[in-house]
Amino acid sequence: MPNKKKYNVNGDSGIKAQIQFADQKQEFNKRPSKIGRRSLSRSISQSSTDSYSSAASYTDSSDDETSPRDKQQKNSKGSSDFCVKNIKQAEFGRREIEIAEQEMPALMALRKRAQGEKPLAGAKIVGCTHITAQTAVLMETLGALGAQCRWAACNIYSTLNEVAAALAESGFPVFAWKGESEDDFWWCIDRCVNVEGWQPNMILDDGGDLTHWIYKKYPNMFKKIKGIVEESVTGVHRLYQLSKAGKLCVPAMNVNDSVTKQKFDNLYCCRESILDGLKRTTDMMFGGKQVVVCGYGEVGKGCCAALKAMGSIVYVTEIDPICALQACMDGFRLVKLNEVIRQVDIVITCTGNKNVVTREHLDRMKNSCIVCNMGHSNTEIDVASLRTPELTWERVRSQVDHVIWPDGKRIVLLAEGRLLNLSCSTVPTFVLSITATTQALALIELYNAPEGRYKQDVYLLPKKMDEYVASLHLPTFDAHLTELTDEQAKYLGLNKNGPFKPNYYRY
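What counts and how
- Residues numbered from 1 in each chain as written.
- Predicted model: local features only at pLDDT ≥ 70, side-chain atom pairs only at ≥ 80, totals over all residues.
- Heavy atoms only, no water.
- Buried < 20%, exposed > 50% of the residue type's maximum accessible area, 1.4 Å probe, protein only.
- Helix = DSSP H or I, 4+ residues; strand = E, 2+ residues; numbered from the N terminus.
- Pairing = 2+ DSSP bridges.
- Salt bridge = Lys/Arg side-chain N within 4 Å of Asp/Glu carboxyl O.
- Patch = residues over 30% accessible without salt bridge, like charges linked within 9 Å, V, L, I, M, F, W, Y side chains within 5 Å.
- Areas by Shrake-Rupley, 256 points an atom, 1.4 Å probe, with all protein chains shown as cover.
- Arc of directions from axis to C-beta.
- Contact = heavy atoms within 4.5 Å.
- Polar contact = N/O pair within 3.5 Å; in protein donor to acceptor, adjacent residues only side chain to side chain.
- Phe/Tyr/Trp six-rings, centres within 6.5 Å; stacked < 30°, edge-to-face > 60°.
- Lys NZ or Arg CZ within 6 Å of the ring centre and 35° of its normal.
- Axes fitted to C-alpha atoms, helices over the stretch in contact; angles between N-to-C directions.
- Parallel < 35°, antiparallel > 145°, perpendicular 65-115°, else oblique.
- Nonpolar A, V, L, I, M, F, W, Y, C, P; charged D, E, K, R; others polar.

Chemist: How would you sum up the pairing of strand β13 (residues 400-404)? Please name residues and give values.
Modeler: Burial of β13 is extensive: five of the five residues sit out of reach of the surface. Alignment of strand β12 (residues 392-397) against β13, held across five bridges, turns out to be antiparallel. Across the sheet, the residue bridging to Thr392 is Ile404, located in β13. Adjacent in sequence and paired antiparallel, β12 and β13 are bridged by two residues, among which Gln399 carries a positive phi angle near 70°. The hairpin formed by β13 and strand β14 (residues 410-414) contains five residues between the paired strands, and Gly408 there has a positive phi angle of roughly 100°.

Chemist: Can you explain the pattern of salt bridges? Please cite residues and give values.
Modeler: Evaluated as defined, the whole model comprises 20 salt bridges. Residue Arg95 is joined to Glu91 by a salt bridge in which the shortest nitrogen-to-oxygen separation is 2.7 Å. Note that Arg95 and Glu91 are positioned in helix α2 (residues 90-102) at a spacing of four residues, about one turn of the helix. Taking relative accessible area as the criterion, Arg95 reaches 43% and is therefore assigned partly exposed. Between Asp283 and Arg397 there is a salt bridge; the shortest N-O distance is 2.9 Å. Taken as a pair, Asp283 in the loop between α9 (259-282) and β7 (290-294) and Arg397 in strand β12 lie far apart in primary sequence, 114 residues in all. Residue Asp283 is classed as exposed on the basis of its relative accessible area of 53%. Judged by its relative accessible area of 30%, Arg397 falls in the partly exposed class. Several salt bridges converge on common partners, so that one network encompasses Arg387, Arg395, Asp401 and Glu416.

Chemist: Can you lay out a nonpolar patch on the surface for me, pointing to particular residues and giving the numbers?
Modeler: Taken together, the side chains of Tyr504, Tyr505 and Tyr507 make up a nonpolar region of the molecular surface, amounting to roughly 370 Å² of accessible area. With relative accessibility at 40%, the residue Tyr507 sits in the partly exposed group.

Chemist: Quick one: what's the story with helix α11 (residues 321-329), residue by residue and with numbers?
Modeler: When α11 is considered as a whole, its buried residues turn out to be Cys323, Ala324 and Ala327. An end-on view of α11 places all buried positions within 105° of arc, on one side of the element. Away from its buried face by more than 90 degrees, α11 exposes Pro321, Ile322, Leu325 and Met329. Packing partners of the buried residues in α11 comprise β8 (313-317) and β9 (333-334). Of the residues flanking the start of α11, the one acting as N-cap is Asp320, its side-chain oxygen 2.8 Å from the backbone nitrogen of Ile322. Two residues or fewer past α11, Gly331 is found with a positive phi of approximately 95°.

Chemist: Break down the environment of Trp186 for me, with residues and values.
Modeler: Summarising the element assignment, Trp186 is placed in helix α6 (residues 182-193). It is 9.8 Å that separates the C-alpha atoms of Trp186 and Cys154, two residues lying 32 residues apart in sequence.

Chemist: Help me get a handle on the environment of Asn161, residues and values and all.
Modeler: Mapped onto the fold, Asn161 is located in helix α5 (residues 161-169). Residue Asn161 is classed as buried on the basis of its relative accessible area of 2%. A C-alpha to C-alpha distance of 8.6 Å links Asn161 and Thr132, two positions 29 residues apart in sequence.

Chemist: I'd like a rundown of the side chain of Gln439, residues and numbers included.
Modeler: Tracing the backbone shows Gln439 in helix α15 (residues 429-448). Judged by its relative accessible area of 4%, Gln439 falls in the buried class. In this view, Gln439 contacts Leu138, Leu204, Val229, Glu231 and Val255; residues no more than four positions away in its chain are not counted.

Chemist: I'd like a description of the packing of aromatic side chains, backed by residues and values.
Modeler: Tallied over the full model, the rule gives nine aromatic pairs. Aromatic side chains Tyr215 and Phe222 sit 4.2 Å apart centroid to centroid with 35° between the ring planes, which places their arrangement in the tilted category. The residues Tyr215 and Phe222 share a single accessibility class, namely buried. A connected cluster of aromatic rings, assembled from ring pairs, spans Phe185, Trp186 and Trp213. Residue placement shows Lys409 over the ring face of Trp405; its charged tip is 4.1 Å from the ring centre. A cation sits over an aromatic face here: Lys501 above Tyr505, 5.2 Å from the ring centre.

Chemist: Lay out the environment of Glu298 in plain terms, naming residues and giving numbers.
Modeler: Its place among the elements puts Glu298 in helix α10 (residues 298-309). Put simply, Glu298 and Cys323 are 25 residues apart on the chain and 9.6 Å apart in space, counted from C-alpha to C-alpha. Setting aside residues up to four positions removed in sequence, Glu298 forms contacts with Gln262, Lys263, Asn266 and Leu267. At a separation of 3.3 Å, a polar atom in the side chain of Glu298 contacts the side chain of Lys263.

Chemist: Break down unusual backbone geometry for me, with residues and values.
Modeler: The omega torsion across Gly498 and Pro499 is 0°, close enough to zero to call that bond cis. For Pro499, the position within the fold is in the segment after α17 (486-492). At Asn355, a residue that is not glycine, the phi angle is positive and equals roughly 50°. The residue Asn355 is located in the loop between β10 (346-349) and α13 (359-364) in this model. Asn355 gets classed as partly exposed once you look at its relative accessible area, which sits at 38%.

Chemist: Explain the packing of helix α3 (residues 105-114) against helix α4 (residues 133-144) residue by residue, including any values.
Modeler: Axis separation between α3 and α4 bottoms out at 9 Å; the angle between their running directions is 10°. The orientation of α3 relative to α4 falls into the category roughly parallel. Within the contact between the two elements, α3 uses Leu107, Met108 and Arg111 and α4 uses Val137, Leu138, Glu140, Thr141 and Ala144. Here the contact of α3 with α4 is composed, by residue class, of five nonpolar, one polar and two charged.

Written out as structure tokens, the structure reads:
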């Protein structure tokens, strides 16, 4: 692995915004009653706990009504330091993890190359990400590199119950299940953080909820935390807000804006998974359908490219003139949402913002319009405004609701406005291998960095590490890189081994 001590990373804290964290109205050191918690779960999510993965058939329907918090479960080693749907699903989850390993070559290579030196020995990582087979490969890689891990889910619908069970059986303290209530969500995070005799010194977050919870409930923990690694637009935005306000008390690595995350996970992953999520939930045909995609960042670009290739008529909304011009040059018509809301068949949000689709927009949609979100946060669609007495909610299938107006008009709401691809389908494992390897290297870098290298600011991943992550995946394609001659390297002013592009280069 390259010598990380040679790298210099420049921070950027230029986002001008005030900190806006939603206040949590409940104290989570007091557990609500069983009945109260179930009522909350049904009123907020009305979610089936079945997964679209193969393990849906393995779920024991007899315990669907029992909250995992009310079960007494132990793994084969006698440990009960976890909370999952059903520990008996571990065998099926293990098979899914083994399948994922075949498509995650870089993590497996990193595990083999670095486990001898144990670069994360002594690291105590608390994580809050999607809990899938791909995340499990990452967690087990971190464990092989010497780290101790405790994990919760960043999304109440994306957890694969059988994978969570497999991790718990392997000894990882995991607190997550598909279909958590909002109360369950924060309780699981608290169980990861608030444990006697164990205190985290690294954070791996996806969305910023874990970081926010520690800031709010256990601020003294940051005295021993060496750094934060964040992979989502929403979470990175929160970190920049903290940095701008002078309240970020540890270094943070912005993985979301690394090249290997933006160009592969955000673009290529969403290009494939948007179609998968829509097809599984609605069985629709895309040819000729009118679609509006809100946002033309990397996620929006992937969604638009996929839908255009399937014959859909695609409109784009954008606030940024540069992204807007890209959309126009790619052949999409740039519109305001109000201009097309009455005619489109599908509305897809991928901005990272809030109230992109408001109640006014929802009222004006045509009958059977499909509404979904591809951004991390569930704030883009104003779902709360639909929970009113005059509207009827009808569950059609898992993660699919009809919201019916008094005149009979209905819209099709997917995953209650949460992340479509991870809530309703799956995502390509190979692309997640790129992101997961980036996360692992960021954790290694922050954990091993000498004091003073990183200040209390937000940093981008060093370019050399991005190139290293990419190089680990090339053998899968039997790809052969051209090497610079000494004369060529001198002409360009480059090291023959990289980095090959300056930090300001846009891929």
